[in-house]
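# Results of the structural survey
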Amino acid sequence: DEFGAPCINAENVILFLTDGSPTEGTLTAESTINSINEQRGNLPLKIFTYGLGSNLETNYTFLR
């Protein structure tokens, strides 16, 4: 709200932008999700995935 009070019913989300080609860090969808869960302590989370670019690789697990 305008006074900076916490939102009681807020949801945690990640907007995951990718060209579909994992090149650094965790390279699979499963290992990426495991890494996020480790850092967040398995708190509820929604992940929205977006594929970008003219060379988009649609076989990447996150984009299926």
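So, a few notes on the structure that sits alongside this text. (Residues numbered from 1 in each chain as written. Predicted model: local features only at pLDDT ≥ 70, side-chain atom pairs only at ≥ 80, totals over all residues. Heavy atoms only, no water.)

## Let's talk about the overall build of the protein
Convention followed: In this text, helices come from DSSP runs of H or I with a minimum length of four residues, and strands from runs of E with a minimum of two, each type numbered from the N-terminal end. Contacts are assigned to residue pairs that have any heavy atoms within 4.5 Å of one another.
Each helix and strand counted, the protein has one helix and two strands in total. Sequence-distant contacts in the protein: of pairs separated by 6 or more residues, those separated by 24 or more amount to 75%.

## Points about a nonpolar patch on the surface
Defined as follows: Like-charged residues within 9 Å of one another, or nonpolar side chains (Val, Leu, Ile, Met, Phe, Trp, Tyr) within 5 Å, are grouped into patches, provided each residue has over 30% relative accessible area and no salt bridge. Only the protein chains shown count as cover for residues, with accessible areas throughout obtained via the Shrake-Rupley method and a probe of 1.4 Å. Between Lys or Arg on one side and Asp or Glu on the other, a salt bridge is scored when a side-chain nitrogen of the former is within 4 Å of a carboxyl oxygen of the latter. Exposure categories follow from relative accessible area, calculated using a 1.4 Å probe and restricted to protein chains: below 20% of the type maximum is buried, above 50% is exposed, and the middle band is partly exposed.
Side chains of Val-13, Leu-15, Leu-17, Phe-48, Tyr-50 and Leu-52 sit close together on the surface and give an oily, nonpolar patch of about 590 Å² of accessible area. Put simply, the parts of the chain that give the nonpolar patch at least two residues each are β1 (13-18) and β2 (46-51). If you tally residues by element for the nonpolar patch, the top one is β1, at three residues. Relative to the elements of secondary structure, Val-13 occurs in strand β1. Its relative accessible area of 44% is what places Val-13 among the partly exposed residues.

## Overview of the environment of Asn-59
If you trace the backbone, Asn-59 turns up in the segment after β2. Sequence spacing of Asn-59 and Ser-21 is 38 residues, and the spatial spacing of their C-alpha atoms is 8.9 Å.

## What to know about helix α1 (residues 29-40)
Rules: Multiplying one less than the number of residues by 1.5 Å gives the expected span of a helix. Each direction from the helix axis to a C-beta atom contributes to the arc, which is the arc of those directions.
Look at α1: 16 Å from first C-alpha to last across 12 residues, which is about the 16 Å you get at 1.5 Å a residue. Looking only at α1, the buried set comprises Ala-29, Thr-32 and Ile-36. Buried residues along α1 cover an arc of 65° about the axis, so they all sit on one side. Exposed side chains of α1 directed beyond 90 degrees from the buried face belong to Glu-30 and Glu-38. Contacts made by the buried residues of α1 are with β1 and β2. One or two steps after α1, the chain reaches Gly-41, where phi turns positive at roughly 70°.

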